[in-house]
Amino acid sequence: MKKIKNREFIFSCSTNAFQIEGGRNLGGRTDSIWDEFTKRNFKIPPVGSAEREINSIEIAADFFHKYKTDANIMKNLGLNGFIYNMDWTRIFPKNSTYINPEGLKWHIDMFETMVNNGIKPIPIIFHWDTPMWAEIQGGWENPSILDWFRNYCKVIFKYLGRYTDMWFVNDENSTFTLSAYLSDYMPPAKNNPTAFAKAIHHLNLSAAIAKQEFDIAKKEGYLDKDALLGIDHDWSPAIPLDPKDVNDLKAVEDYNEWFLDFWLDPNLKGTYPEFFYKWIEENNIDFKIKESDMDLLKNNTLDFVGWNYYRPCFVSSFDKDLSNIKLKKKTETFFVKKFKVLFPENGVRYTDWNWIIDPSMLEPGAKIISKKYDNKPMMIVENGLGDFDNKSEDMIIDEKRIEFLKEHIEAVLKAKENGVNFIGYSMWTYCDIFSPSGGYRKDYGLVSVDFNSPIRERKPKLSYVWYKKVIASNGKDLSINIDELKKQLEEELIQWDLFKK
Ligand code: BG6
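Residues numbered from 1 in each chain as written. Predicted model: local features only at pLDDT ≥ 70, side-chain atom pairs only at ≥ 80, totals over all residues. Heavy atoms only, no water.

Caption draft 1: Here's a closer look at the overall build of the protein. Along the backbone of the protein there are 16 helices and 16 strands. Compactness check: the protein gives a C-alpha radius of gyration of 22 Å against a globular reference of 23 Å for 501 residues, within 12% of the reference. With the C-alpha coordinates aligned to their principal axes, the bounding extent of the protein is approximately 65 × 60 × 45 Å. Considering only contacts in the protein between residues 6 or more positions apart, those separated by 24 or more positions represent 76%. (Helix = DSSP H or I, 4+ residues; strand = E, 2+ residues; numbered from the N terminus. Rg over C-alpha atoms; globule rule 2.2 N^0.38 Å. Contact = heavy atoms within 4.5 Å.)

Okay, here's the thing in structure tokens:
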């Protein structure tokens, strides 16, 4: 097995265990909070509607059984990186100390298969999927989770460290804690400000603890000396609704403090912005941050930044009268009540799932992050288009996805040229998977998955052959010639039987 070292720029695809893997109760695994949540809240809206579908993740895209086939498909695509959000519960299904040999072996085999196919696995240690045994004991609200998490990190660095030199600790602490602790959209659905404060603080500390274990694993020879450990954050850079209105400009500053500094400062600078302490005090949140915790954060900051860029957002001052503005969907307010996030109807592009499409804030956003965090290496960890793909024809022609990816990759490469320390781009996602907001009706993949077929048959989309060309040219050829791509897809489909296992 040859480990893949950092190359100039990594073109990768990302995905996440509970969204792709299936095999939920196989190989000694038990339930996580997402298993429990999807079973309890099962909901299938009418066919074709862009509403939330909460479906079974029992099989999902069956990556649990099909990772070898998938590694072949990824090799054929030319991928050099594969970001995988790992499954804590598969390795620790009972408690914080019992290591499930089958779960560990599955991960070792999967990582080794990727490496043997020329693909660098880039693991994300935690993506919202707390094991049920941990949740029952208070989950991220209980400080003991830090010991449990430490053990998890120790084990994965020891057994998987040899396969890669790039790791992330947590994916989107923002989405997780806002949707699962400050509201009840996702599990564990707490809807409680104190639970939110505790959870976010413990998640931040978990990254510092992972960093401690990372350094130990380096000393013990389980990880490369130059291996990197990062944090992955989802930030939609703000556009002032009226760039001439000073109140909207101030709202953008407030928004960025809460949606950027608050989520990244703790793990990149070892600090919290002052307003967090103030918020805790003013809102009588029953929680205190210890000085020793801040020392832990300060002494264990992370090496690089993952950024999930799907879209920017429009922001106005909290009190702004919006009655004259035509809005596409409901305005969002945030618990600090300093700004509003809104969705103007006119002059803005939207996906069929009502997500803004606009790559224009990628470069300025990347520059803001770079400046704040000393030009640390940065990687786009998620960027992609959720759509209703037409899967009824022989060829899946997802032109909109290609346009979307092209515009965004262009912006990344331009930012890189202009000095942002981008080391990679990873699109969301390799194949169609379970989407937390759209179930199996919201397609993101380069590879289509037939969720009605017992073998979860894979098929390349037009975007697959386009991304293949992008990777082969190392990002130089982003052109779109639909006729040409269709011919290539036809050729791809002729030899596709190879991947039908
Ligand atoms: C990211 C998450 O924020 O958004 C993914 O990390 C998710 O898990 C992706 O799939 C797209 O969101 P959705 O809800 O459209 O699938």
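Caption draft 2: Spotlight on the pairing of strand β3 (residues 120–126). Counting buried positions along β3 yields seven of seven residues, so the element is predominantly enclosed. Bridge analysis of strand β2 (residues 81–85) against β3 gives five bridges, and the strand direction is parallel. Each residue of the ladder has a partner; that of tyrosine 84, found in β3, is proline 123. Direction of pairing for β3 relative to strand β4 (residues 166–171): parallel, over a ladder of two bridges. (Buried < 20%, exposed > 50% of the residue type's maximum accessible area, 1.4 Å probe, protein only. Pairing = 2+ DSSP bridges.)

Caption draft 3: Fine view of the site of the ligand. Inspection of the region around the ligand gives 14 residues, with Gln19, Glu172, Ser435, Lys442 and Tyr444 positioned closest. Histidine 127 places a polar side-chain atom, nitrogen or oxygen, 3.2 Å from an oxygen atom of the ligand. Across the complex, the protein chains shield 94% of the 370 Å² of accessible surface that the ligand would expose by itself. Partitioned by chemical class, the residues of the shell around the ligand number six nonpolar, four polar and four charged. (Near = heavy atom within 4 Å. Polar contact = N/O pair within 3.5 Å; in protein donor to acceptor, adjacent residues only side chain to side chain. Areas by Shrake-Rupley, 256 points an atom, 1.4 Å probe, with all protein chains shown as cover. Nonpolar A, V, L, I, M, F, W, Y, C, P; charged D, E, K, R; others polar.)

Caption draft 4: Representation of unusual backbone geometry within the structure. Residue proline 188 follows proline 187 across a cis peptide bond; omega there is 5°. Relative to the elements of secondary structure, proline 188 occurs in the loop between α8 (173–180) and α9 (193–219). Omega for the peptide link from tryptophan 428 to threonine 429 comes to 10°, which places this bond in the cis form. Of note, threonine 429 is situated in the loop between β14 (422–428) and β15 (447–449). The backbone of asparagine 354 shows a phi angle near 60°, a positive value even though the residue is not glycine. Here asparagine 354 is to be found in the loop between β11 (349–350) and β12 (356–357). With relative accessibility at 27%, the residue asparagine 354 sits in the partly exposed group. One non-glycine residue, aspartate 374, adopts positive backbone phi at about 50°. Structurally, aspartate 374 is set in the loop between α13 (362–372) and β13 (378–382). On the basis of relative accessibility, which here comes to 68%, the residue aspartate 374 falls in the exposed class.

Caption draft 5: Examining the packing of helix α7 (residues 145–160) against α9 more closely. Between α7 and α9, whose axes approach to 9 Å, the crossing angle comes to 35°. Here α7 and α9 pass one another in a crossing that is right-handed. Here Ile145, Leu146, Phe149, Arg150, Cys153, Lys154 and Phe157 of α7 come into contact with α9, specifically with His202, Leu205, Ser206, Ile209, Ala210, Gln212, Glu213, Phe214 and Ala217. Residue composition of the contact of α7 with α9, grouped by class: ten nonpolar, three polar and three charged. (Axes fitted to C-alpha atoms, helices over the stretch in contact; angles between N-to-C directions. Left-handed = near helix turned anticlockwise from the far one by under 90°.)

Caption draft 6: The arrangement of the sheet that holds β14 in detail. Within the closed barrel, the eight strands sit side by side as β1-β2-β3-β4-β5-β7-β13-β14. Their pairing is parallel. Averaged over neighbouring strand pairs, the angle between their axes works out to 25° when direction is ignored. Relative to β14, β13 runs parallel, the two sharing three bridges. Within β14, the position partnered with methionine 378 by the bridge is phenylalanine 422. Taken strand by strand, α8 contacts β3, β4 and β5 (228–234), and its axis lies near 45° from that of β5.

Caption draft 7: A look at the side chain of asparagine 100. Along the chain, asparagine 100 falls in the loop between α4 (88–91) and α5 (101–116). Sequence-distant contacts of asparagine 100, that is, excluding residues within four places in its chain, are made with Gly27, Gly28, Arg29, Arg90, Ile91 and Pro93.

Caption draft 8: Structural context of the sheet that holds strand β6 (residues 238–240). Strand order in the open sheet made by the four strands is β6-β8-β10-β9, with mixed pairing throughout. Both outer strands of the open sheet, β6 and β9 (332–333), are each paired with one neighbouring strand and no more. Pairing of β6 with strand β8 (residues 313–317), which is carried by three bridges, proceeds in the parallel orientation. In the strand pairing of β8, isoleucine 239 is matched with phenylalanine 314.

Caption draft 9: How the structure looks around the environment of proline 237. Note on placement: proline 237 falls in the loop between β5 and β6. On the accessibility criterion, proline 237 (1% relative accessible area) is buried. Sequence separation between proline 237 and alanine 366 is 129 residues, and the spatial gap between their C-alpha atoms is 9.3 Å. Those residues within four positions of proline 237 in sequence are excluded, and the remaining contacts are Trp307, Tyr309, Arg311, Pro312, Cys313, Met361 and Gly365.

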